[in-house]
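Remarks on the overall topology
For reference, the chains in residue letters:
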Amino acid sequence: MSVDADHWERWVARLSAVLAADAPDLLAWAGEHRVKSVALADDVDFVCHLAEGMAQRGSLAPEAARDLRAIGRILADPDVLPRVGLWTDAPAAEEAWSEVRTLARRILVAREGDRRRPLPGRVPPQHLYD
C-alpha cells in the first residue's frame, strides 16, 4: 500500500470511528471539539469521493466504498441535517443517525475486526467548521 493510500485508509477509519460511536460518546466528542453535524457531513462527502478511487485501486474494500456511499446519501438528504443541526439536537433519536452508525460499524468490523475504535483526539481548527 502506498503512503497516500495508507494515509487515506487511516482517515476513513477515523471518520468511521466517529460515525460509529454510541450517541453519548459522539455527543461528548462533538461537544469537546465543537464539531457541527454539517461539517462532519462535508467530511463524509469528501471521503465518498475518495472512496471510489481507493476502491478502484484496491486500497479500499468495495463493500466499504458501498457503505460510505450509503452514509453519504443519508447525510446528503436535505431532510436529515436541518432536523438535527448541531449534534446536541439528539442524533440518537434520529433513525438516519442510527443507520449511519450501523454502516460505519460495518466498515470498521470489516477493516479491523471490531467496531470499537478510539475517537480521534484532534480535529482541524474550529474556523474550518464555522
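Residues numbered from 1 in each chain as written. Predicted model: local features only at pLDDT ≥ 70, side-chain atom pairs only at ≥ 80, totals over all residues. Heavy atoms only, no water.

**Thoughts on the nonpolar core**
If you look at the biggest cluster of nonpolar residues, it comprises 33 residues, and the most contacted ones within it are Leu 19, Val 44, Leu 60, Leu 68, Ile 71, Leu 75 and Val 100. Listed by contribution, the elements that provide at least two residues to this core are helix 1 (3-20), helix 2 (23-33), helix 3 (37-57), helix 4 (62-76) and helix 6 (95-112). Ignoring any residue separated from it by four or fewer positions in sequence, one finds Leu 19 in contact with Leu 40, Val 44, Ile 71, Val 100, Arg 101 and Ala 104. (Core = buried A, V, L, I, M, F, W, Y, C linked by side-chain atoms within 4.5 Å. Buried < 20%, exposed > 50% of the residue type's maximum accessible area, 1.4 Å probe, protein only. Helix = DSSP H or I, 4+ residues; strand = E, 2+ residues; numbered from the N terminus. Contact = heavy atoms within 4.5 Å.)

**What to know about the packing of aromatic side chains**
On inspection of all chains with the given rule, the structure shows 1 aromatic pair. On the basis of an interplanar angle of 85° and a centroid distance of 5.5 Å, the ring pair of Trp 11 and Phe 46 is categorised as edge-to-face. You can see Trp 11 sitting in helix 1 and its partner Phe 46 sitting in helix 3, a full 35 residues away along the chain. By relative accessible area, which is 21% here, Trp 11 ends up partly exposed. (Phe/Tyr/Trp six-rings, centres within 6.5 Å; stacked < 30°, edge-to-face > 60°.)

**With respect to the pattern of salt bridges**
Within the structure shown, the criterion is met by 4 salt bridges. As a salt-bridge pair, Asp 22 and Arg 105 come within 2.4 Å of each other at their nearest N and O atoms. Highlighted residues: Asp 22 in the loop between helix 1 and helix 2 and Arg 105 in helix 6, separated in sequence by 83 residues. For Arg 106, the salt bridge goes to Asp 67, with nearest N and O atoms at 2.8 Å. Separated by 39 residues along the polypeptide, Arg 106 in helix 6 and Asp 67 in helix 4 bring together distant segments of the chain. Judged by relative accessible area, Arg 106 falls into the partly exposed class, the value being 44%. (Salt bridge = Lys/Arg side-chain N within 4 Å of Asp/Glu carboxyl O.)

**Quick notes on the packing of helix 4 against helix 6**
Remark: helix 4 packs on helix 6, axes separated minimally by 9 Å, with the N-to-C direction vectors making an angle of 165°. Classified by the angle between their axes, helix 4 and helix 6 sit roughly antiparallel to one another. For the crossing formed where helix 4 meets helix 6, the hand is left-handed. Contacts between helix 4 and helix 6 involve Ala 64, Arg 66, Asp 67, Leu 68, Ala 70, Ile 71, Ile 74 and Leu 75 from the former and Ala 96, Trp 97, Glu 99, Val 100, Leu 103, Ala 104, Arg 106 and Ile 107 from the latter. When the residues that make up the contact of helix 4 with helix 6 are grouped by side-chain class, the tally is 12 nonpolar, no polar and 4 charged. (Axes fitted to C-alpha atoms, helices over the stretch in contact; angles between N-to-C directions. Parallel < 35°, antiparallel > 145°, perpendicular 65-115°, else oblique. Left-handed = near helix turned anticlockwise from the far one by under 90°. Nonpolar A, V, L, I, M, F, W, Y, C, P; charged D, E, K, R; others polar.)

**Re helix 4**
With 15 residues, helix 4 extends 21 Å from end C-alpha to end C-alpha; this agrees with the ideal 21 Å at 1.5 Å per step. Buried within helix 4 are the following residues: Ala 64, Ala 65, Asp 67, Leu 68, Ala 70, Ile 71, Gly 72, Ile 74 and Leu 75. (Expected span 1.5 Å × (residues − 1).)

**Side note on the environment of Ala 110**
Assignment of secondary structure puts Ala 110 in helix 6. For Ala 110, a relative accessible area of 69% puts it in the exposed group. Taking the C-alpha atoms as reference points, Ala 110 and Ala 61, separated by 49 residues in sequence, lie 8.7 Å from one another.

On their own, these measurements won't tell you what the molecule is for.
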